[in-house]
Amino acid sequence: MQTTRSKELANEYLRLGGKRLAKIDDNIVKIRHWEDDTPEAEAFWQKNIEPLDERRRVEVETHLPTINDR
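The sections below set out a description of the structure shown in this document. (Residues numbered from 1 in each chain as written. Predicted model: local features only at pLDDT ≥ 70, side-chain atom pairs only at ≥ 80, totals over all residues. Heavy atoms only, no water.)

Regarding the side chain of Glu61
Note that Glu61 resides in helix α3 (residues 54–61). Here Glu61 falls in the buried class, since its relative accessible area comes to 7%. Discounting chain neighbours no more than four positions away, the residues touching Glu61 are Ala22, Val29, Ile31 and Trp45. (Helix = DSSP H or I, 4+ residues; strand = E, 2+ residues; numbered from the N terminus. Buried < 20%, exposed > 50% of the residue type's maximum accessible area, 1.4 Å probe, protein only. Contact = heavy atoms within 4.5 Å.)

Focus on the nonpolar core
Listed in full, the 12 residues of the largest apolar core are Leu9, Ala10, Tyr13, Leu16, Ala22, Ala41, Phe44, Trp45, Ile49, Leu52, Val60 and Leu64. For this core, the secondary structure elements donating two or more residues are α1 (5–15) and α2 (39–49). Broken down by element, this core gets its largest block of residues, 4 residues, from α2. With sequence-adjacent residues up to four places away left out, Leu16 is seen in contact with Thr38, Glu40, Ala41 and Phe44. (Core = buried A, V, L, I, M, F, W, Y, C linked by side-chain atoms within 4.5 Å.)

Details of the packing of α1 against α3
The interhelical angle for the contact between α1 and α3, taken along N-to-C directions, is 60 degrees, at an axis separation of 8 Å. Taken together, the axes of α1 and α3 lie oblique to each other. Read as a crossing pair, α1 and α3 show a hand that is right-handed. Of the residues in α3, those touching α1 at Arg5, Ser6, Leu9 and Ala10 are Arg56, Glu59 and Val60. The class makeup of the residues in the contact of α1 with α3 is 3 nonpolar, 1 polar and 3 charged. (Axes fitted to C-alpha atoms, helices over the stretch in contact; angles between N-to-C directions. Parallel < 35°, antiparallel > 145°, perpendicular 65-115°, else oblique. Left-handed = near helix turned anticlockwise from the far one by under 90°. Nonpolar A, V, L, I, M, F, W, Y, C, P; charged D, E, K, R; others polar.)

Written out as structure tokens, the structure is:
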């Protein structure tokens, strides 16, 4: 099964110890960040996800665990 680039980015961020959670409400995606990421995950986010245009960044964010998963 193939995965999308956005799914790959989200998986790598989580593998590195990323703690951001998605909040999805009425198709509006926001990120919640209560716990600190590992330095590796934070650097990965800043380098690979933060610079994406809004549409592509939202695609990545939808692959993160949601606040409802907690």
